[in-house]
Amino acid sequence: MPLALLALAVGAFGIGTTEFVMMGLLPDVADDLRISIPTAGHLVSAYALGVVIGAPLLAAATARLSRRTVLIGLMVLFVAGNALSALAPGHHSLLAARFLSGLPHGAFFGVGAVVATNMVAPERKARSVSLMFLGLTVANIAGVPVATLMGQHLGWRATFLGVSAIGLVAIASLALLVPRDRAHASATGVRGELAALRSLPVWLALATTVAGFGALFSAYSYITPMLTDTAGYADASVTLLLALFGVGATAGNLLGGRLADHSLRATLFGGLVSLLVVLALFPLLMRTEAGAAVAVALLGMAAFVTGSPLQLMVMEKAAAAPSLASSANQAAFNLANAGGAWIGGVALAAGFGVTSPAVAGAALAALGLAVAAVAYAVDRRTPRPARERVVTGHVPEVSRTVRR
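For clarity, every value in this text was computed on a predicted model and none was experimentally measured. All residue numbers here refer to positions counted from 1 along the written sequence of the relevant chain. Totals for whole chains, interfaces and linings use every residue, but because this is a predicted model, local features are given only for residues with pLDDT of at least 70 and side-chain atom pairs only at 80 or more, for both listing and counting. With hydrogens and water excluded, all non-hydrogen atoms of the structure serve as input to the side-chain values.

1. A closer look at the nonpolar core
Stated precisely, the cut-off is as follows: Take the buried residues of types Ala, Val, Leu, Ile, Met, Phe, Trp, Tyr and Cys, join any two whose side-chain atoms come within 4.5 Å, and each joined set is a nonpolar core. Accessible area is worked out with a 1.4 Å probe on protein chains only. A residue is then buried under 20% of its type maximum, exposed over 50%, and partly exposed in between. In what follows, residue pairs with any heavy atoms lying within 4.5 Å of each other are defined as contacts.
Within the largest apolar cluster, 94 residues are counted, with the highest numbers of intra-cluster contacts made by L8, L174, L216, F282, M286 and L299. Residues contacting L299, with those up to four places away along its chain left out, are L216, Y220, F245, L275, V278, L279 and F282.

2. Things to note about helix 5 (residues 91-118)
Which entries qualify depends on this criterion: Secondary structure is summarised from DSSP: a helix means a run of H or I of at least four residues, a strand means a run of E of at least two, and numbering begins at the N terminus for each. Here the expected span of a helix is defined as 1.5 Å times the quantity of residues minus one.
Compared with the 40 Å implied by 1.5 Å per residue over 28 residues, the 42 Å span of helix 5 between its first and last C-alpha is a close match. The element helix 5 is extensively covered by neighbouring structure, given that 23 of its 28 residues are classed as buried.

3. Things to note about the pattern of salt bridges
We count it as follows: Whenever Lys or Arg places a side-chain nitrogen within 4 Å of a carboxyl oxygen from Asp or Glu, that contact is recorded as a salt bridge.
Applying the stated criterion across every chain yields a total of three salt bridges. Across the pair R157 and D32 runs a salt bridge whose closest N-O atoms are separated by 3.7 Å. In this pair, R157 is assigned in helix 7 (residues 156-177) and D32 in helix 1 (residues 4-33), connecting sequence segments 125 residues apart. Taking the relative accessible area as the measure of exposure, R157 reaches 27% and is therefore partly exposed.

4. Remarks on the side chain of T209
With respect to the element layout, T209 can be found in helix 9 (residues 200-220). When near neighbours in sequence (up to four residues on either side) are disregarded, T209 contacts G214, L310, N329, A332, F333 and A336.

5. Examining the packing of aromatic side chains
Quick reminder of the rule: Ring pairs shown here join Phe, Tyr and Trp side chains whose ring centres sit within 6.5 Å, with only the six-membered ring taken for Trp; geometry is labelled stacked below 30 degrees between planes, edge-to-face above 60, and tilted in between.
Tallied over the full model, the rule gives nine aromatic pairs. Ring geometry for F109 versus F133: centroids 5.6 Å apart, planes at 55°, classification tilted. Note that F109 is positioned in helix 5 and F133 in helix 6 (residues 125-154), a separation of 24 residues in sequence. When sorted by exposure, F109 lands in the same class as F133, which is buried. With centroids separated by 4.2 Å and ring planes inclined at 20°, the aromatic side chains of Y220 and F245 adopt a geometry described as stacked. Linking Y220 in helix 9 with F245 in helix 11 (residues 238-260), this pair joins segments that are 25 residues apart in sequence. By the ring-pair criterion, three or more aromatic residues cluster together here, those being F213, F217, Y220, F245, F304 and F333.

6. Quick word on a nonpolar patch on the surface
Threshold: Two distance rules govern patches: like charges are joined within 9 Å, and nonpolar side chains (Val, Leu, Ile, Met, Phe, Trp, Tyr) within 5 Å, applied only to residues with over 30% relative accessible area and no salt bridge. Per-residue and other accessible areas follow the Shrake-Rupley method at a 1.4 Å probe size, with only the shown protein chains counted as cover for residues.
Judged by side-chain polarity, L3, L6, L176 and L177 come together as a nonpolar surface patch covering roughly 420 Å² of accessible area. Topologically, L177 is positioned in helix 7. Using a relative accessible area of 30% as the deciding quantity, one classes L177 as partly exposed.

7. Comments concerning the packing of helix 1 against helix 4 (residues 67-87)
Note the following rule: Lines fitted to C-alpha atoms define the axes, with helix axes restricted to the stretch in contact, and inter-axis angles between N-to-C directions lie between 0 and 180 degrees. Here is the rule for angles: anything less than 35 degrees is roughly parallel, anything more than 145 is roughly antiparallel, 65 through 115 is roughly perpendicular, and the remaining ranges are oblique. Note on convention: near helix rotated counterclockwise from far helix by under a right angle means a left-handed crossing. Clockwise means right-handed.
Viewed as axis vectors pointing N to C, helix 1 and helix 4 meet at an angle of 30°, and their least axial separation amounts to 12 Å. Classified by the interaxial angle, the pair formed by helix 1 and helix 4 is roughly parallel. When you trace helix 1 past helix 4, the crossing you get is left-handed. Of helix 4, the residues touching helix 1 (which contributes L8, G11, G14, I15 and T18) are L71, M75, F78 and N82.

8. As for unusual backbone geometry
Of note, R34 is a non-glycine position whose phi angle comes to about 60°, a positive value. With respect to the helices, strands and loops of the structure, R34 is situated in the loop between helix 1 and helix 2 (37-40). Accessibility expressed as a relative area gives 78% for R34, which makes it exposed.

9. Quick notes on the environment of A338
As for its placement among the helices and strands, A338 is situated in helix 15 (residues 322-349). Among the residues examined, A338 registers a relative accessible area of 48% and is labelled partly exposed.

10. Topic: helix 15
The first and last C-alpha atoms of helix 15 sit 40 Å apart over 28 residues, in line with the 40 Å expected at 1.5 Å per residue. The buried fraction of helix 15 is high, at 20 of 28 residues. G351 lies just past helix 15 and shows a positive phi near 85°.

11. With respect to the packing of helix 9 against helix 12 (residues 264-285)
Angle between the axes and distance between the axes: these two values describe a pair of packed helices. Note the cut-off: Each residue receives one of three labels: charged for Asp, Glu, Lys and Arg, nonpolar for Ala, Val, Leu, Ile, Met, Phe, Trp, Tyr, Cys and Pro, and polar for the others, Gly being one of them.
Between helix 9 and helix 12, whose axes approach to 11 Å, the crossing angle comes to 25°. One element, helix 9, and the other, helix 12, form an angle in the roughly parallel class. Considering the relative orientation of helix 9 and helix 12, their crossing is left-handed. Facing T208, G212, A215, L216 and A219 of helix 9, the residues of helix 12 in contact are L272, L275 and L279. Looking at side-chain class alone, the contact of helix 9 with helix 12 contains six nonpolar, two polar and no charged residues.

See the structure below:
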């Protein structure tokens with residue numbers, strides 16, 4: 001595997017850290033800015049909104065530039081957003097800075113996934129994507145806990161300065177390790193890029209992402225009360241258990257990349273079935289501390305097995321604009337974050353019990369399976385020559401055939 005994947009993973013590590021660290025810093029930020037916890041929670045939403053808006057727009061707007069230049073530019077924007085977060089004098093300025101920090105998130109992963117797949121042989125495409133995503137999953141094991149501790153002892157502003165430093169390391173790594181390339185898109189402009197998304201298979205793939213990862217976030221958003229109120233863990237133990245989720249997610253990400261190189265569709269279906277089963281068993285597993293620990297690890301593993309297959313499937317279905325489609329998938333991931341948390345909250349507010357968000361998540365996983373089955377049926381009805389796509393790139397190979 002090329003060393004350039006390390007540069008992509010460093011960038012993903014920084015992005016993953018800044019995305020999830022705000023959850024642990026909310027009380028500190030609320031106290032310092034003299035706002036309520038629910039008001040401080042808008043800072044999480046502002047980042048997610050930035051991802052959803054920035055992912056397709058930045059990918060389309062930069063379509064005529066070289067991918068190396070785009071990646072470095074996106075990371076510069078990332079550093080600026082986190083530096084402004086550290087310097088924000090009040091709540092509204094911090095909201096704007098968090099929105100700015102989220103803008104490059106989806107486009108970085110989207111363009112980075114195309115760069116990663118164009119640097120390896122066709123039979124290693126999924127593994128290359130999983131290695132880039134490794135930075136995101138490792139952030140949940142090391143980056144977020146360390147950044148949270150830094151914020152608690154040195155102040156939350158120090159955390160965002162530290163994340164900015166990670167971004168600077170990523171910029172240097174991208175400049176040194178990612179090969180130079182030429183502009184990669186035809187002169188079709190933004191309208192031509194967006195036209196590539198006007199197909200049912202693309203939207204079915206994106207819908208699978210929303211439903212599948214919505215299942216994850218329906219349960220994960222409320223994992224702390226499950227662990228403390230049902231499994232009986234002390235509050236101090238929750239951080240270690242969340243790190244265990246990161247370990248499971250890392251293992252699932254690497255496993256999914258390896259399996260998807262052999263059979264993308266089978267890996268996707270297997271991951272969704274596993275996620276459904278794990279979530280359905282949550283009420284039972286959460287009755288004991290040991291069972292809860294196993295459930296948390298399996299949740300991360302089952303969910304992230306599907307990460308690489310979904311990313312590659314979206315890129316395949318919009319082969320004329322792989323960077324834009326790949327970025328749109330990251331927007332779908334963040335829609336899943338918000339939508340899954342809302343659905344889990346509805347189940348909880350309805351009085352169905354502390355573990356009811358996991359059951360709601362199982363229903364979403366079943367929905368994801370249904371959408372994936374429809375996508376498979378549509379693909380089977382498409383004549384084979386139309387299903388064979390070529391994704392063009394210049395880093396360094398000229399083209400690669402995407403395998404399903």
